[in-house]
Amino acid sequence: MSIRVGDLLATGAPSFSFEFLPPKTDAGEQQLWTALRDLEPLAPTFVSVTYGAGGTTRDRTVAITGRIASETSMVPVGHLTCVGATVEQLRTVIDEYAAAGVHNVLALRGDPPGGPTMEWTATEGGLNYAAELVTLVRDSGDFCVGVAAFPDLHPASKSADLDVQVLLAKQDAGAEFAVTQLFFKSQSYFDLVERAVSAGVEIPILPGIMPVTNLEQITRFAALSGADFPADLAAEFAMVDSEEGVRSLGVEKASELCRDLLDGGAPGLHFFTLNRSTATREIYAALGLGASA
């Protein structure tokens, strides 16, 4: 019997989940598995492995997600994007997930090959919107489908209200939960939830957390995702003169953000781990959720 993320979230218990990047090499895959095994004792609600840019690493991502289903105690969520794929190719990936025992899918439109600010053009024979992908996955079997949400504007969006209307369309297509892009101010998340609820969104929206462990890296990720990296926060990190100091401050700030979110009623936390476990375990310890070692 498959475990559906939507059912787990419906219990009302706080959800804690981890996201991993697709490794490009065998050594990278080994690092990923080390992080997965380090985090498994924290009993996450689910874990997910993304696609590479432009839909690359598909085969490796599907294979790893299937291994999580068969070789660990964790519930895997498979990623799926519209980028560079026809409907038939998407159906093939969905079938591969089902065959591997993966019954939860995060359905994303995905970014154009040139980056999220580039003009979107659907693949010939493919899909144009994430809501269409949600429908395709739901029509292909007994899947629970999650989608993306944006506390700060999507890089290609004209307004926050438009972002919420897109989220509502994905809910109407059958999405059962949403995970946000990274953000750095709790108010950004709460404002999104308020807009979403006012528009009729009822699915749980999990806040996505990426602790700052490398300033150059987080600045690049923020720019790509459209996240607002606040000037006052950047100034605090700029005053730190060591890599370890940046990482320590990043864990401290992320822990504060997580506490604000949970105290404010967020249904859980979704950690972008960057295939490392230490920062996530330290945040867990700071929140009193688990050991840091």
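See the structure above.
Asks: Is there a simple way to think about the pairing of strand β8 (residues 268-272) in this case?
Replies: Put simply, side chains in a regular strand alternate between the two faces of the sheet. In terms of burial, β8 is largely enclosed, as five of its five residues are buried. Looking at chain direction, strand β1 (residues 15-20) and β8 are connected through five bridges and run parallel. Residue pairing across strands places F18 opposite F271, the latter belonging to β8. For strand β7 (residues 205-209) and β8, the ladder comprises two bridges, and the chain directions are parallel. In the strand pairing of β8, I209 is matched with F271.

Asks: Explanation requested: the pattern of salt bridges in the structure shown.
Replies: Where charged atoms of side chains with opposite charge meet at close range, the side chains can pair. For the coordinates displayed, the defined rule picks out 14 salt bridges. Measuring nitrogen to oxygen at the nearest pair gives 2.9 Å for the salt bridge that ties R4 to D142. Note that R4 is positioned in the segment before α1 (5-10) and D142 in the loop between α5 (130-139) and β5 (144-149), a separation of 138 residues in sequence. What makes D142 exposed here is its relative accessible area of 52%. Linking R60 and E29 is a salt bridge whose minimum nitrogen-to-oxygen distance equals 2.6 Å. With R60 in helix α3 (residues 58-71) and E29 in helix α2 (residues 26-39), this residue pair connects regions lying 31 residues apart in the sequence. By relative accessible area, which is 25% here, R60 ends up partly exposed.

Asks: Quick question: what am I supposed to make of the sheet that holds strand β3 (residues 76-81) here?
Replies: What the eight strands build is a closed barrel, ordered β1-β2-β3-β4-β5-β6-β7-β8; its pairing is parallel. Looking at each pair of strands side by side, their axes are set apart by 30° on average, direction ignored. Across the face of the sheet, helix α4 (residues 87-99) comes into contact with β3 and β4 (104-108) while running at roughly 175° to β3. Contacting β5, β6 (177-182) and β7, helix α7 (residues 186-199) runs over the sheet at an angle of about 160° to β7.

Asks: Looking at this model, I keep getting lost on the packing of aromatic side chains. Mind explaining?
Replies: To describe a pair of aromatic rings, one takes the distance between the centres and the angle between the planes. Under the definition given, this model contains nine aromatic pairs. Summarising the aromatic geometry, the rings of F18 and F271 are spaced 6.1 Å apart at their centres and angled 45° between planes, so their arrangement reads as tilted. With a gap of 253 residues between them, F18 in strand β1 and F271 in strand β8 connect regions that are remote in the sequence. The class for F18 is buried, based on a relative accessible area of 0%. Here a set of aromatic residues connected by ring pairs shows up, and it is made of F16, F18, F271 and Y284. Seen from the ring of W33, R67 lies directly overhead, with NZ or CZ sitting 4.1 Å from the centre.

Asks: Is there a simple way to think about the side chain of H79 in this case?
Replies: Among the structural elements, H79 can be located in strand β3. If near-sequence neighbours (up to four positions away) are discounted, H79 is found in contact with E19, S48, V49, T50, Y51, Y97, L106 and L108.

Asks: Please explain the layout of surface pockets as it appears in this structure.
Replies: Empty space among the atoms becomes apparent when a probe as large as a water molecule is rolled across them. Its volume calculated, the second largest pocket comes out at about 530 Å³. Taken together, 24 residues make up the lining of the second largest pocket; nearest its centre are T213, N214, Q217, L274 and R276. Looking at the lining of the second largest pocket residue by residue, the classes come out as ten nonpolar, ten polar and four charged.

Asks: Teacher, can you tell me more about the side chain of R4 here?
Replies: Classification of R4 as buried rests on a relative accessible area of 15%. Separated by 2.9 Å, the side chains of R4 and D142 make a polar contact. When near neighbours in sequence (up to four residues on either side) are disregarded, R4 contacts N104, D142, F143, C144 and E176.

Asks: Even after reading the chapter, I still don't get empty space enclosed by the protein, so can you show me in this structure?
Replies: By the definition in use, this model includes one cavity of 30 Å³ or more. Looking at the largest cavity, its volume works out to about 40 Å³. Looking at the largest cavity, the residues that line it are A149, F150, D163, V164, L167 and L192. In terms of residue count, the dominant contributor to the lining of the largest cavity is helix α6 (residues 160-172) (three residues). Within the lining of the largest cavity, the residues separate by chemical class into five nonpolar, no polar and one charged.

What counts, and where the lines are drawn
- Residues numbered from 1 in each chain as written.
- Predicted model: local features only at pLDDT ≥ 70, side-chain atom pairs only at ≥ 80, totals over all residues.
- Heavy atoms only, no water.
- Buried < 20%, exposed > 50% of the residue type's maximum accessible area, 1.4 Å probe, protein only.
- Helix = DSSP H or I, 4+ residues; strand = E, 2+ residues; numbered from the N terminus.
- Pairing = 2+ DSSP bridges.
- Salt bridge = Lys/Arg side-chain N within 4 Å of Asp/Glu carboxyl O.
- Axes fitted to C-alpha atoms, helices over the stretch in contact; angles between N-to-C directions.
- Contact = heavy atoms within 4.5 Å.
- Phe/Tyr/Trp six-rings, centres within 6.5 Å; stacked < 30°, edge-to-face > 60°.
- Lys NZ or Arg CZ within 6 Å of the ring centre and 35° of its normal.
- 1 Å grid on protein atoms, 1.4 Å probe; cavity = no way out; pocket = protein on both sides within 12 Å on 5 of 7 lines; lining within 4 Å.
- Points joined across faces, edges and corners; volume = space filled by probe spheres on them.
- Nonpolar A, V, L, I, M, F, W, Y, C, P; charged D, E, K, R; others polar.
- Polar contact = N/O pair within 3.5 Å; in protein donor to acceptor, adjacent residues only side chain to side chain.

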